[in-house]
Every structure is written in structure tokens, then in C-alpha cells.
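# Notes for the structure review
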Amino acid sequence: MITEILLSGFGGQGIMSLGKALASVALKEGKYPIYFPSYGAEVRGGTAYCFVKISEAFIASPLIENPDIAIILNQPALDKFEKGLKKRCLVIANSDLITRAPARKDIQMVCAPLNAMALECGNAKVANTVALGILIALKPELLKKETILEFLNEAFISGELLTQNIKAFNKGMEYVNAAKG
Amino acid sequence: MITEILLSGFGGQGIMSLGKALASVALKEGKYPIYFPSYGAEVRGGTAYCFVKISEAFIASPLIENPDIAIILNQPALDKFEKGLKKRCLVIANSDLITRAPARKDIQMVCAPLNAMALECGNAKVANTVALGILIALKPELLKKETILEFLNEAFISGELLTQNIKAFNKGMEYVNAAKG
Amino acid sequence: MKKTNNKVLISGNEAMAEAAIAAHCHFYAGYPITPQNELIAYMAKRMYQENKIFIQAESELAAINMVFGASAAGYRAMTSSSSPGISLKQEGISYLAGAELPAVIINVMRGGPGLGNIASGQSDYFQTTRGGGHGDYFTPAFAPASVEEAGQLVCLSFDVADYYRTPVVVLADAIIGQMMEPATPVIKSGFKKTMPSKPWALAGAKNRAANIVKSFFLQEGRLEMHNELLKKKWDMLRKNEQRYHTYKVSDATCLVVAYGSQARIAREAVDILREKRIRAGLFRPISLWPYPEKGLRQVAKKIKRVLVVEQSLGQMIEDVRLSLPEKDIHFLGKAGGGIPRPQEIVQALEKLV
Amino acid sequence: MKKTNNKVLISGNEAMAEAAIAAHCHFYAGYPITPQNELIAYMAKRMYQENKIFIQAESELAAINMVFGASAAGYRAMTSSSSPGISLKQEGISYLAGAELPAVIINVMRGGPGLGNIASGQSDYFQTTRGGGHGDYFTPAFAPASVEEAGQLVCLSFDVADYYRTPVVVLADAIIGQMMEPATPVIKSGFKKTMPSKPWALAGAKNRAANIVKSFFLQEGRLEMHNELLKKKWDMLRKNEQRYHTYKVSDATCLVVAYGSQARIAREAVDILREKRIRAGLFRPISLWPYPEKGLRQVAKKIKRVLVVEQSLGQMIEDVRLSLPEKDIHFLGKAGGGIPRPQEIVQALEKLV
Amino acid sequence: MGKVSITKDACKGCQLCIAFCPTKHLVLSRELNKRGVRYAKAKEETKCVACGFCFLVCPDACLEIYTET
Amino acid sequence: MGKVSITKDACKGCQLCIAFCPTKHLVLSRELNKRGVRYAKAKEETKCVACGFCFLVCPDACLEIYTET
Amino acid sequence: MSKKFSRPQSLKETSTHYCPGCGHGILHRLVAETIDELGIREQVIGIAPVGCAVVAYDYWDFDVCEAAHGRALAVATGIKRCRPDKIVFTYQGDGDLASIGFAETFHAANRGEQLTCVFVNNACYGMTGGQMAPTTLIGQKTATTPRGRNPLFGEGWPIRVSEILAGLEGVSFVARTSLANPKEIINTARCIKQAFSNQLEKKGFSLVEILSPCPTVWQKEPLQAMKWIEEEMVKAFPLGVIKER
Amino acid sequence: MSKKFSRPQSLKETSTHYCPGCGHGILHRLVAETIDELGIREQVIGIAPVGCAVVAYDYWDFDVCEAAHGRALAVATGIKRCRPDKIVFTYQGDGDLASIGFAETFHAANRGEQLTCVFVNNACYGMTGGQMAPTTLIGQKTATTPRGRNPLFGEGWPIRVSEILAGLEGVSFVARTSLANPKEIINTARCIKQAFSNQLEKKGFSLVEILSPCPTVWQKEPLQAMKWIEEEMVKAFPLGVIKER
Ligand SMILES: Cc1ncc(C[n+]2csc(CCOP(=O)(O)OP(=O)(O)O)c2C)c(N)n1
Ligand SMILES: Cc1ncc(C[n+]2csc(CCOP(=O)(O)OP(=O)(O)O)c2C)c(N)n1
Ligand code: SF4
Ligand code: SF4
Ligand code: SF4
Ligand code: SF4
Ligand code: SF4
Ligand code: SF4
Ligand SMILES: [Mg+2]
Ligand SMILES: [Mg+2]
């Protein structure tokens, strides 16, 4: 089974790093990831996006057909990608930057104030990691929490950034669990 | 029947104009000429050459295989082209600038002091026209004297140059006729 | 130009220049290179006389991009060069094709690769017919085999360029460019279709919406669509503009295929073979792209042996193979200034028969 | 580079850059262009660390000619660009080929023609395999279908370049250049032959006669001879360096032919077809020039239908046609950023069966 | 006395107008516009002196300045 | 006192040496050399002052100048 | 109340793809304003570069031509020679004009083409993601000068295009201005107007070099980018009218 | 008697293809002499241009590399960066260096490449039969300026390459000399030597522009060509050391 993930938001919201993080963690777990970024002029002044595919075994086609999961950090991203999402796609959306409800009713949208939550972690830039926490809480079968923490520990050698990211990740997880609980 | 003519000498000796003159006169007579010059860097500091083919009808191949006639105005030209001449090729050679006899014995070489003869016509540059005179005297069947004179009259609208060229042409003719006579 | 009975003695380079003027070429930009220097010199003199524009550009790159501008402004524009200079124009040609701008590009081919030499060659066939530049595009390409035809094909190229909104290449070789022979000055191209107007041309947005000339399509799917449209144009050209000439093919059993100056040399070989009672014929493509495959297939029906002769190591032969997949195709070629001579062609064909 | 079990997550652009360094590339000159900017940025950082030379050239022209110089000096040299930039390098590539200088040129293809766009494309196949530059030359060209292979083929290209004294093109597409996937860093090229020394390199005429690096042969006949020698090299390459990969062909009755990223997409289509009990197989050329015609003919023996799939309007298809003249060849392609998707390939093949 | 009008949805929130307004009466909104950014808006309309600085520095031509004539 | 020696067959007859020789003792030959041109030669060998002007201007490095040491 | 400052007619109502705070946006407006003020919208033909401003034609409401990267002035030459009665200008980035296209720039200027050139110096390659431009400052970090541009590493010195072109006889007007503050923007507008007027008067080649912020590549907030122009860029690129004739 | 003036060792005994009275012949000798005098024959790598001097390698007896037309300084950059211990120079005509290759010339100079450039200004394209060069004088007739070069026809002004390059920081030495007479030839030799010494001392980019006769294209007798340099060319191209550092 191949899981197709779309990530989109403003440049600067950490979309690309989050995509790479997902792929890296998948590789750490012995899975086969493919990461594909938007690039070049497309990114200017607008919405950046990337795709990640994760599978247990080699993935032939790097193309994304219809995402199973979408992390949507702003309104333009929702506008752009809503149509192509798979039925029952899990959409993790940033309610802080999304101003209208999706038109589609056949998707599962989880909205969270990612910006606010990130600020609560002490860094506006960790909204992406909050989203990651939410994702893993909702789809624990995709990637293991432990590997993600291991990855974060490697990626941010030490100090504030690491703490903030771990906080953000946990905050995301908690957000879901609180809702569940 | 196609007649193949090679003309060669220093740049400045009027080789190219002579070649073009032959072709023009042939066209005037309703024949089919092809003129092919040497060009570009080949010409620098060395020996220029051109080819003329004349026939009664359309000539398919512009290539010269082995010249029937060669007008050779200096030594390097003789060195360069001697080998490729057709058997019994008529060579009109400038004895003023040729320092050795040809190695080949199967060609007909007519030597004349073309530079000196040109000077006698009042212009060192008409050596080429002297050669033309010699050629036509030897091969009257190639082109008509009248057409040549007509051509000269058109080419040099008037004045000294025309007189000198006509003189030169006649001098060439006479040179042969004197030898014959 | 020395004139007799409406035939003049003129070189291929000059005939092409004069034909461009006859075809109302309004703008010429070029950069010197042997063996096409006579062409640019001729244009330098004549364009001024005709009150048209001549520019010696600082480079081939500048020249092709100036032509891009002149064409975008709605004027007939031309550039010329020889092999290495044409390589430098590849980006520009791709842009012209992408922006659908008409233009005429003359290549008087010399020996390659690299600096090579200045002798005649036919080694830019691939570059010309397979889009030496990037992207999916083709340029109609016409190869003259005589001085007169060199002029005619330049005229034709302007019409084809305007009609289809595409750059067109006149692929001459150094022999055609340099040789002088009798030629009737060109008056008409023989292209029958009516020339379209140029509402897309840049002339100031007066009483109309602004015009944009471009080859850039960033929005998803737009460039793909553009390519589909271009494809229709290539298909139309393939359908309508295949041109060729034949010589003694009606009863031929063996066929020489050659273009440009090499076709004339091959014609002499055919005559020699005929004298030897070998039923040889000549197929001479005039349009190298679109390749006259229909004509070739037609002509080749009763042919047993096919010999392709090129001043190259074998480039057009691929189109002959693609046109006649079921036939055994033989090759005779030389590159770098080497020219297959009539006797060599005769021998090569005799070996096959 | 994030590493796990010796596989790292890396992009094709970075993998190619890192492989060049592993292959002892001593000199890199390039000019920015999307979608290969990561490659030049990577080189900017890494070459300095390795005490090697990185230059951001003022243009693609300058870059290819700097590479010419570095190679003439006897060093392994590389440049990279994308489609329009590669068009600008055509003169330089022809010079490299003519002067017999080894060099590696990476083209991360985008949509054309003209400025086109920055999406993935495979429309530079003709340019690459048919000498987009002037003259009779070929450049070996290798097309990777994965990030790991992108690195491998860069390594291989350096060896092939040195062994045959020829420029070599790595023809990647934007998908391969941009995507990240697990890859084992390249150590060896797998090229078996011993690398020749470079006695021709320019290093000062000390204890030897002066060396000259050139592609110019003015004297009559010399360039023709040079071309004959080059032809021997092309023939040798044709004999020795055909490379390809197959997938599920042993029992296949229909065959997809595709290269680069498109081959991976086609592989998914083959899997889908197999699930539908259609015996499809995949032939993936790795060397685009020399084209793996021997392999293709072998594989195609029992094949009934052949479908060529490209991110272009149909370029490689000509090589398939030339390799399999007796077969009916079908085509599916899109240009300008369009990508034939697995389901489209499946449908196209189903229609044929 | 002047008046500034800002096309809310054209604003990219670069804040240049805010920085260069001599009367410091332009501010960033709390809400997001259609592009998803906090846009510039006038705090107190009456404070505009119609100097045009905001207009001049705005890269997105979002502003129009009116004066009484 | 000097002496000039001219490689006859290398001479292209440009006459630059002749023009620039301060003692004006270089002249053009009557005969032709191998290249077919009239070449430069010294009229009176003893007149050379070894100034080297002829050497300097000769595009074909045909000349050598000797001095007594 | 009447409009005192408003969107020029020649600027379409579209919003641009430029990053927040990008100088291209300001400059597009200035060019459009100049054209409207001179009343030449129906006569103008612009050349869009390859660079961030590649789709300038989507924003300007007059005839525009694309040019291959670096070749804008060659394309402009072709247009202007054919249509001498039109007003033809190029809009080019520093990579486009001074790196790949330097020969075309220099020779068009030397021919004294009757053209106007709006030269956007943002000290980097914006479109391709922030590599070194010929105008990148010493010490400035870019994707291809990760250690900061350093002439000792063979990366060259920032090129003063305006001063170089001013030395050519064909050139009639050269000025360097900036977008760093309202005053400078007004000055830029004035110089651009002069550069267009010169063409109307057939005075020869005119160029305005504008120091323009690229917050994205410079990794600065828009206001900080403006400050960086005032504090750093002008040291390497002094402002002023360099040639006027 | 001992030899006082004789053919330098680095000049082969071959005779050249140059026209009688051609400046290239003189300059080839001067370059060879310099190399011999500095004792660097075994270290030198020359770059031959595309121009009349295309086969300079047939005449020089040291390592030489071809370069595509105009790209000599790019090729030289590649060589020198790889072999910083070698002495690398280019020998280029005015068409090569200042027309098609101007971007490469300018940028190599601006990078301050440790190179020596021998720049042969003969006011025309010799090899291709006498077209206008960027250095062609106003009024000079050539194959492509049959009415005499005229800036009013859009043919541009003669370009003063030396003055322009001297303005670049990477450039350490620029001089303009001529071959018009023995004195100037000696001066040329001195400047060429300096340009090579500079490289030995790693001072940066050095260039000597030499006004050189082309009797064939100018259609003058060799001596008249020399006079034309002295009387006409130097007016447009003043002689002297333009920059020294
Ligand atoms: C021939 C070619 N080379 C390279 C590119 C890639 N490219 C596009 S824009 C650009 C440079 C942009 O920089 P600049 O001209 O300074 O404009 P800016 O984006 O900074 O405004 C480059 C290198 C291209 N499109 N074509
Ligand atoms: C790309 C390319 N364009 C044009 C030419 C033709 N070409 C050869 S040399 C030359 C110019 C020669 O002039 P210059 O550089 O001044 O050298 P000179 O012969 O005057 O010494 C030209 C245009 C070429 N070989 N390659
Ligand atoms: S016009 Fe002046 S005062 Fe009014 S809002 Fe703009 S900057 Fe402020
Ligand atoms: S300057 Fe323009 S885009 Fe920036 S905040 Fe103000 S109104 Fe918005
Ligand atoms: S060295 Fe001087 S004096 Fe002697 S021949 Fe030469 S020029 Fe005349
Ligand atoms: S300068 Fe040299 S080539 Fe000229 S005439 Fe004197 S010796 Fe002969
Ligand atoms: S990258 Fe720079 S120049 Fe390009 S749009 Fe963004 S801010 Fe403007
Ligand atoms: S054409 Fe001029 S530069 Fe060339 S060899 Fe002859 S004289 Fe010298
Ligand atoms: Mg820029
Ligand atoms: Mg010159």
C-alpha cells in the first residue's frame, strides 16, 4: 500500500521541511519514501507544496494521483488542491489561515489553529511540526512516534529549536487525543 | 562536352575576375557555365584559385575532376595543381613568376611573360587578360573573340581600363599567332 | 549580376540574398562566417538601397534574437550563417518556434564538428530536421540543388514561414553557396496559399487589446495545450509541404537518394550509369523536413536497391530508413569536406546491382 | 543527506552532484536554471570543501567553454543545465566532440520549446542523440530512472568520457532531478576498462613536444580523415556501450518502451496490466545513444505490440522504429509538462491488445 | 486632508506602507484577507495627509489616495 | 658594425624591412624566391648598423642580425 | 474628494506573483505611470526579461514581447529598427542584463539604439532561487556563494553597469536610483520618465539602473530590505545621474 | 660575429599563412620572444582564437589550445583554474574578443582571472574577408559597411576595449600599443612582457591591445598600412599604459 501525502502552505511555513521530515522518518523505519517538491518560479509569492509517497516497498511511479492525506496550511492551498483530493482524504488544516469551509463533503477535515499552537510552543515557525503531531496521532500506522522523536533529535542538534519542535509535536498529538478523549 | 578550366595565382592577380569573365562570356554565348572559387582563409597569403566548367547544356556536377585547361600565374599554383591536371591539359603559364619546369611531360604548357606583357599594356594588373587572349587564340572553339570584346566593353564602361584590357587581350592573341605564324 | 536572356550569372549566396529582397524581407541581421560571407555582404549593400534594415550583429545569438524582435514586430526577417554559427542559434530557433514567429534562417553548411573547416558539408541534417534546439518542435527545411533553386527556396521559405507562423531553414551547402551558374532571378515563390495577416504583431496597443508574443506558459496544462496546437501545425506541414524532385525514376530499378549539391553530383552518376545500361534513378528531397516520405515510397515501389549519398557520415539515411522500413538501404558518404564523386557513386551502385 | 542503512534520502540533482565529486570531477562550471539549481548550489558548497574548482559562469556558453579548457588541461570537468541552457551549449559540445575532449554534461530537462516552463519533459531526446550541434558527431547519453541511478550514470559518464575521449550527456528529467528517494551513494561506476592516461593534455611542453588541442583541420583531406577516425569511435561506442534494463519481459507479449522517470511510471502501468492478466513488459533504454537496439531486438522477438511512451510528442520512437523496422509501433506521449500517467498507459495498451 | 483606501485582497502584508506612513496611522489587520495574509488598513482615516508615501512604496498598487479639491 | 642575413625563401616581399632600414641598404631582389615573390636582400652588407629595425618589423622572421662582439 | 494617487491605467488590475515587498511590483507601477503620463500607451512595446519579471506582460496593459534570457536588447533592437515610430523599452534583471546578456547589452548601447532600458539591480538571481548576480555585493551569501561573494575566490567584483555603459558614445542617459524610500522612488520615476522622453526625442540609448529589494533571496523583512539598499547597496552602487546629454 | 637579433626558440621554423606585411606575424614573434626571455616556454599554455590567427599553434612551439570564436578567455579560465602553476594566455582578434566574445572577455577580466590577453586590434575581421569589427574606424569601408562605418546608420562607434576593461577591479594591467614602427614594436614587446610578468606575480588580469596592420583588408601596401595606424588609428585608439597596478 502506498500512502500519498500532499503538503501545502506559504513558503516559510516549513512545508518543504515537513515533507522531507516525513520521507526521512519513513526511510529510518525501513520504508520506501518518495518526496517531490514544487520548485522554481512556482514558489514565488504564492503557495508552496510538496508531495510525499510512503510505502513498505519500492515505489515505481513518483507521481501523486490523489492524496490520501493533505496538510493544508493556508487558504490558497485549500483552493488549489481541494478538487484533487482522494475521497475520504484526511485533511489537516490550519484554521488560523483558512477562511472558508471546504466545498467537498467527502473528505475528513481536521482543523486546528496551528499558528496559535505554534506560538504557544514559543516559535511561530513550528506550525508544521504541530501538524505532524496531529497527523501521527490520527494515523499512528503511518510512522512511529519514536522514530519521529529520534529524527527531531538528529535534525536539531540541541537547544531551543529542538525543545520547541518536540513541544509542537506533542501539542499536535495532544490536540487529537484531547478531542478523542 | 564539358570543358574544365582551372585558374590559379596570387590573390590580386585577377584570377577570380578572369574565371568569372570566362563564365560570363560563356553565358552570353548561350552556353552553360559553372564558376567555383576558392574562398575564405584558404586565400590568405597564398594562392587563390577558381574553377570554371563550360558546356553546351546544363551541367549537373559542379565538381572539377581533372582540368582540360589550366591558367597558372605563379609557381605555387603550379606546385599545387600540376598533379591533378588531365593528360594533354593545356597549361597557360606565367613565365615571369614560374621558376621551374613542370615535372609532368604529358601536358601542353604554353609559357609567356604575362607580367611583362601586362606592363607593356600599361597596367600590371591585366596579366589575367593577356592569359585570356592566349587561351582564346589557342582554343577558339571555347569562346568567341567577339563575345569577349563585347563583355570587356560592358565590364569596363569606358576609359583607360578598357583600353588596357583590350590591348592585353589582343596581345595575348598575337603572342600565340606570332608563335604559330 | 551579369545578365543575358534573363539568366544571370550569380552565386548561390547572392541569389539567396537577392531572393530575400524580392520576397520583401524587411530585416536582416547576421554575423560573418565562411562560406556565407557573400550573402551578408550582399545584404549590407542591397538592404540599404531598398530602404530596409541590415544589421551586422555582435554575434549569432544577437542576430537570431534581433530576428525574433523584427518578426514579433510583424516584419519579414532573416538571418544567415554557417554550421557553428547555426549551433549558436539553436536556443533562438526554439524560441521562434515556441512563440510561433515566422523567420527564415539560412545555413550554408561547412565541415564539422567543432571549428572543422570551410569546405562543403551536409552534416547539419540532424540538427536541422530534428530540432537542434530543445523542446518538441520542427522547422520546415528546404535544400536547394542549384543557384536558381536557392533563390526560389528562400522566397518559398518566407511564404511558408508566414503561412504557418514558423521559422524555416534553408539548408544550403558551401558548394551551392559559393558556385556561380546561370539563374533566372526569382519573382514568385510558387506558394499558392494566401498569406494571413498578422494581428498578433507588436505595433502598439492602439484600438485593440494588448498583444503578447511569448513562448512561456507557466500555468499547469497550458504548455501542454500549446504543444498540442503546435503538433497540429507540424502535422499540417507534414501533410502539405513535402517536396521533392526525381530524375529518370520511371523505369529505374535502383535509386540514388541525395539532396543539395550532392544530388547534382549524383545526377551525373545516374547519367553515367544509364550509359552503362544500368537503370538508375535519382530521388532528390527538396523539403528535408517534412521529409518527402510519401513521394519516396511511391517512387521506391519498384526499386530493388537504394543508395543514400551524403556529404556526411549518414544522417538523412535515417529518414530514408524510416520511409522505407522494408527496404535494404545502402550508404555512401564522406564528412569534413569529403565529397562523394560521380565515379564513386557509380561504383557503389554497381556493387549493389 | 539523511542516512540510514547506507541508503540516504537525497534528490537526483544532489545525487548527481555528489557522484561527480565521487568520480573525482575536478572542475565544474555552470549557470543557474530551474530545475537543476540544486545541483549547482550543491557543487558550490561541496567543490570548495573538496579543494576543487567551482565557477558560476556568466552564461551557459562560458560554462561549456570553461569545461573545454579544463578538459584540455587534462582534468575531469562537468557542467549542468536544463533545456534552453543546453541549446546554448551546442556549439561547445560540437567543439568538445571535434577536439575529442572528455566532459560530462548534465541536462535536467524541462518543458519546451522556447522558454516553455519548468515542469518535467523529455523533449530534448533528438537534440541529445542526434547531435544538436553541427557536424557528424554523437555524444553517448545516459538516462537515469532513479535517484541512485542518476548518481551511478554520472560516475559512468566520467569513465566513458575519459575512455573514449568524448563528451557524454546525462539526460535526466525534472522529476528525476527534483525527487528525493532512498539511494546508496555511488562509489564506483561499474565501467570495467582501464582509464587511459592523457598524454595529449595541456600542461606545458616540458620534456615532450608541444601539445595542441583543436578541432580545426584546414588542409585538404585532413578533416575528412579526422571524421573517419571519429566514426571508428562512434562505431566502437555503438558496439560496446548499449545499456538497457527490462522488467517482466520474459513472457511478455506486449512491450512498453520508456526511459527516465517515464519508465518508472510505465513500470507501474506494467504491474497494473499484469494484475489484469495482460502480459506486459517494459524495455527501458539506459543509453539513449548508442541506442540499445540489439537488446531491444532481442527482447522484442516474441512481442506483438510495442507502445512507446514519452514525455514528448514522439522522439525516441524513431529509434524504436529504426530498431524494429518490421514491427508496428504505437505511441503515447505528452509534451510541455504533460506526463502520461499509469492509467493512461494501461488504457493505451489495452486498446492495442 | 486626505483619505486612503486600500484594496484589502490585493495586499500581501509586506507592511512597507505602514513603515513609511509619516502619520503612522496605517496598521496590520487582525483578520486575514483572501490571500490568507494580514493586510494593511487605516487606523484613523482622518490622519492621512495625502503624502502618497504609502502609495509609492506599495509593490502591489493596493492603495489609492484622495484629497479634497 | 653589423651584418644582416635574410632567409630568402621565407620572405614575402612586404618591403617593411626595406622601408624601415635607417641606412637604406636593403633592396628588393629582381629574381623570385620559391614562393614566387621578389624578396628583400642587402645591397651592401657593410652598411648594416645592427639597429634591428628590419628584424623588428619583419612579419616573417626572415632576418637575423649579427654584431661583432 | 479626488484621486491623487491611483493605479495607472497601463497596469492591469491583476495581482502579481511577486513576493511581498518585492521591488518589481513598485517598478512595474512606475513604468506604467510613466507611459500613461507621456500618453504613449498605444505606442509602447515592452520587452519582458527572463527573471522574476518574466510575466510582466500579465501585469502591463500594452504590447509586450518575450525575450530569451539575456537577449532583451537584441530583441528590442529588432523591434525598434522595424518600427522606429514606436517606443520600445526593455525591463531586465541584473543576471539577465549583466551576466548572460552582457554582450547584447553593451553592443546595443554602443550602437546607440533608440531604446530605453529599465535595469533592475537586486543583487541576485531572484527567479532561480537566489544565486550570485554580477551585482551581488562582496560578502553577500547566495546559493552559489555560500561563503559570501569573495573576489579572492575568483567570484569577481560587483559590476557597475551604469558607469561602464556611460562611457559609450551611443549612450545618452544613464542614472542609478533606488526604491529604498518614497523620495528615491519619486526620483526613480523622474529618471524613468527622462529615459523614455529621450527616446521620444531620438537622443540614443537610455538606461536607468534601479536598486530594488528582493526580500526573499536576501532573507530580510521588506522594510529591512529597503534599509539594506540604503545602507549597503548604495556603497557599491552610488546613486545619481551618471550621464546626461 | 654573434647573433644580436634572431628568431626566438618558441617560434617554429615554419612560414606562416599570413598575408605579406600582416601584423600577426610580428606579434607571434613578440609573444614567442617574451616567453623565451621569461624562460617559461615549458610552462606556457596559449589559447589560439578563431580569426586569422586560428592556426597560431602551427607557428608557436609550446602547448596551445583552440577556442571557439570569442570564447578564448572562458577556455583560458578553465585551464588556468585547473593548472594555476602554468602561464596561460589568450591571443585574440577584435572580432573575437570584443564582438562575439565580449561577455566572456568582460567577465574573465572582472573575475580577475590570472591571465594574460594579447588583443590584436586590426580594425576589421581579417579571416572572413574584411567585415566591420567593433574597432572599425568611423568612415572605414568594409564588406559590411560599404558606405563607411557610420554611427548614424546604427553601426555603432569604435569600441575602446582597453579603457573599458581598465575600469574593472580585477584588471591589473592594460596598455595599448602599436606595430606601426620599430619603436612602437619595442614598446609592444615591453608591454607584453609586463603582462606576462604580472601573471607570474599573480597580480590579476592583464591585457595588451595592439594596433596591428591588416594590409589585405585595408587594401593598402604594408608600409601604408603602418602609416595608417600612426595617422588614423591612434586617433581613435590612443596609445599608452592605461592601467598599471
Ligand atoms: C538560457 C537560460 N539560462 C538560464 C535560465 C534560468 N534563469 C531564469 S531567470 C534567471 C536569472 C534571473 O536573475 P535576474 O536576471 O537578476 O532577474 P531577477 O529574477 O533577479 O529579477 C536565470 C538564470 C534561463 N531561463 N535561460
Ligand atoms: C561562431 C562563429 N561565428 C563566426 C565565425 C567566423 N569567423 C571566423 S574568424 C571571424 C572574425 C575574425 O576577426 P578577428 O577576430 O578580428 O580576427 P582577425 O582575423 O581580424 O585577426 C569570424 C567572424 C566562426 N568561425 N564561428
Ligand atoms: S498618503 Fe501619506 S499619510 Fe496618507 S496613509 Fe499614505 S503614507 Fe500615510
Ligand atoms: S505596501 Fe501594499 S502590499 Fe504592502 S502592506 Fe501596504 S498595502 Fe499591503
Ligand atoms: S639591422 Fe638596421 S641597419 Fe641593419 S639591415 Fe636591419 S634595419 Fe638596416
Ligand atoms: S620584412 Fe621580412 S618578409 Fe618583408 S620584405 Fe623584409 S624580409 Fe621580406
Ligand atoms: S524572489 Fe526576489 S525579485 Fe523575485 S519576486 Fe521574490 S522578492 Fe521579487
Ligand atoms: S587578412 Fe589581414 S589579418 Fe588576416 S592574414 Fe591577411 S593581413 Fe593578416
Ligand atoms: Mg536580479
Ligand atoms: Mg580583427
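Residues numbered from 1 in each chain as written. Chains lettered and ligands numbered in written order. Predicted model: local features only at pLDDT ≥ 70, side-chain atom pairs only at ≥ 80, totals over all residues. Heavy atoms only, no water.

### A short note on the coordination of the magnesium ion (ligand 10)
Residues and elements named next belong to chain H. Of the protein atoms, only Asp94 (OD), Asn122 (OD1) and Cys124 (O) coordinate the magnesium ion (ligand 10), at distances of 2.1 to 2.2 Å. Mapping the donors of the magnesium ion (ligand 10) onto the primary sequence yields the spacing D-x27-N-x1-C. Placement of the pair is aspartate 94 in helix α3 (residues 94-100) and cysteine 124 in the loop between β5 (116-121) and α5 (161-166), with a sequence separation of 30 residues. Taken as a pair, aspartate 94 and cysteine 124 share a single burial class, namely buried. (Donors = N, O, S within 2.8 Å, 3.2 Å for Na, K, Ca; no water. Helix = DSSP H or I, 4+ residues; strand = E, 2+ residues; numbered from the N terminus. Buried < 20%, exposed > 50% of the residue type's maximum accessible area, 1.4 Å probe, protein only.)

### A word on the relation of the copies chain D and chain C
What connects the two chain copies is a rotation about an axis and a shift along it. Placing chain D over chain C gives an RMSD of 0.0 Å and needs a rotation angle of 180°, together with 0.0 Å of translation along the axis. Accordingly, the operation relating the two chain copies is best matched by a two-fold axis. Looking at the rotation axis and the C-alpha trace of chain D, the residue lying nearest is D:Gly132, at 2.0 Å. Comparing interface residues between copies, 98% of those in chain D also sit at the interface in chain C, which points to an isologous, same-surface contact. (Least-squares fit on C-alpha atoms with pLDDT ≥ 70 in both. Contact = heavy atoms within 4.5 Å.)

### Section: the site of ligand 2
Around ligand 2 lies a shell of 23 residues, among which C:Glu60, H:His24, H:Cys52, H:Asp94 and H:Gly126 are the nearest. Flanking ligand 2 are residues from chains C, D and H. For ligand 2, an oxygen atom lies 2.8 Å from a polar atom in the backbone of H:Gly95. With four residues, α3(H) is the largest single contributor of residues to the shell around ligand 2. (Near = heavy atom within 4 Å. Polar contact = N/O pair within 3.5 Å; in protein donor to acceptor, adjacent residues only side chain to side chain.)

### Quick notes on the site of ligand 3
Every one of the 14 residues lining ligand 3 counts as a neighbour, but E:Cys21, E:His25, E:Cys48, E:Cys51 and E:Cys54 are closest to it. Taken together, the residues that form the shell around ligand 3 break down as 11 nonpolar, three polar and no charged. (Nonpolar A, V, L, I, M, F, W, Y, C, P; charged D, E, K, R; others polar.)

### A short note on helix α2 (residues 72-82) of chain G
Of all 11 residues in α2(G), 11 are buried; the element is thus mostly enclosed. Turning to α2(G), its buried residues number three or more, namely G:Ala72, G:Leu73, G:Ala74, G:Val75, G:Ala76, G:Thr77, G:Gly78, G:Ile79, G:Lys80, G:Arg81 and G:Cys82.

### Let's talk about the environment of D:Thr166
Residue and element names in this part refer to chain D. Counting through the fold element by element, threonine 166 comes out in the loop between α7 (147-164) and β9 (167-173). For the pair threonine 166 and leucine 230, spaced 64 residues apart in sequence, the C-alpha to C-alpha distance is 9.8 Å. Sequence-distant contacts of threonine 166, defined by excluding residues within four places in its chain, comprise Leu101, Pro102, Ala103, Phe138, Pro140, Val160, Ala161, Lys233 and Trp234.

### With respect to the packing of helix α4 (residues 102-110) of chain G against helix α4 (residues 102-110) of chain H
One way to put it is that α4(G) packs onto α4(H) with a least axis distance of 7 Å and a crossing angle of 110°. Taken together, the axis directions place α4(G) and α4(H) in an arrangement best described as roughly perpendicular. In this structure, α4(G) contributes G:Phe102, G:Ala103, G:Phe106 and G:His107 to the contact, and α4(H) contributes H:Phe102, H:Ala103, H:Phe106 and H:His107. (Axes fitted to C-alpha atoms, helices over the stretch in contact; angles between N-to-C directions. Parallel < 35°, antiparallel > 145°, perpendicular 65-115°, else oblique.)

### Some points on the pattern of salt bridges
Under the criterion given, the structure shown has 94 salt bridges over all chains. Residue A:Asp106 is joined to A:Arg104 by a salt bridge in which the shortest nitrogen-to-oxygen separation is 2.8 Å. Exposure remark for A:Asp106: the relative accessible area of 29% places this residue in the partly exposed category. Overall, A:Arg104 belongs to the buried group, its relative accessible area being 18%. Residues F:Lys47 and F:Glu44 are paired through a salt bridge, measuring 3.9 Å at the closest nitrogen-oxygen approach. Classification of F:Lys47 as partly exposed rests on a relative accessible area of 39%. (Salt bridge = Lys/Arg side-chain N within 4 Å of Asp/Glu carboxyl O.)

### Notes on the packing of helix α1 (residues 12-22) of chain D against α7(D)
Residues and elements named next belong to chain D. Packing of α1 against α7 leaves a shortest axis separation of 8 Å and a crossing angle of 30°. In terms of orientation, α1 and α7 fall into the roughly parallel class. Crossing geometry of α1 relative to α7 is assigned as right-handed. On α7, the residues that touch Gly12, Ala15, Met16, Ala19 and Ala20 of α1 are Val147, Ala150, Gly151, Val154, Cys155 and Phe158. Per-class residue counts for the contact of α1 with α7 are nine nonpolar, two polar and no charged. (Left-handed = near helix turned anticlockwise from the far one by under 90°.)

### Some remarks on the interface of chain D and chain C
The partner chain C presents 52 residues to the 53 residues of chain D that form the contact. When chain D packs against chain C, the two sides together hide about 4500 Å² of surface, and 62% of this comes from carbon and sulfur. Taken together, the connections running from chain D to chain C amount to two salt bridges. Between D:Arg130 and C:Glu318 there is a salt bridge; the shortest N-O distance is 2.9 Å. The interface formed by chain D and chain C contains 30 residue pairs in polar contact (both at pLDDT 80 or more). Residue assignment for the side of chain D that touches chain C shows that the elements contributing at least two residues are α4 (83-88), α5 (90-98), β7 (117-120), α6 (125-129), α9 (222-240) and α12 (317-323) of chain D. Sort the elements by how many residues they give to the side of chain D that touches chain C and α9(D) lands first, with six residues. Across the side of chain D that touches chain C, the residue classes break down as 19 nonpolar, 24 polar and 10 charged. (Buried area = accessible area lost by both parts, 1.4 Å probe.)

### Some thoughts on the coordination of the magnesium ion (ligand 9)
Every protein donor of the magnesium ion (ligand 9) is accounted for by G:Asp94 (OD), G:Asn122 (OD1) and G:Cys124 (O), and the metal-donor separations fall at 2.0 to 2.2 Å. Spacing between the donor residues of the magnesium ion (ligand 9) along their common chain follows D-x27-N-x1-C.

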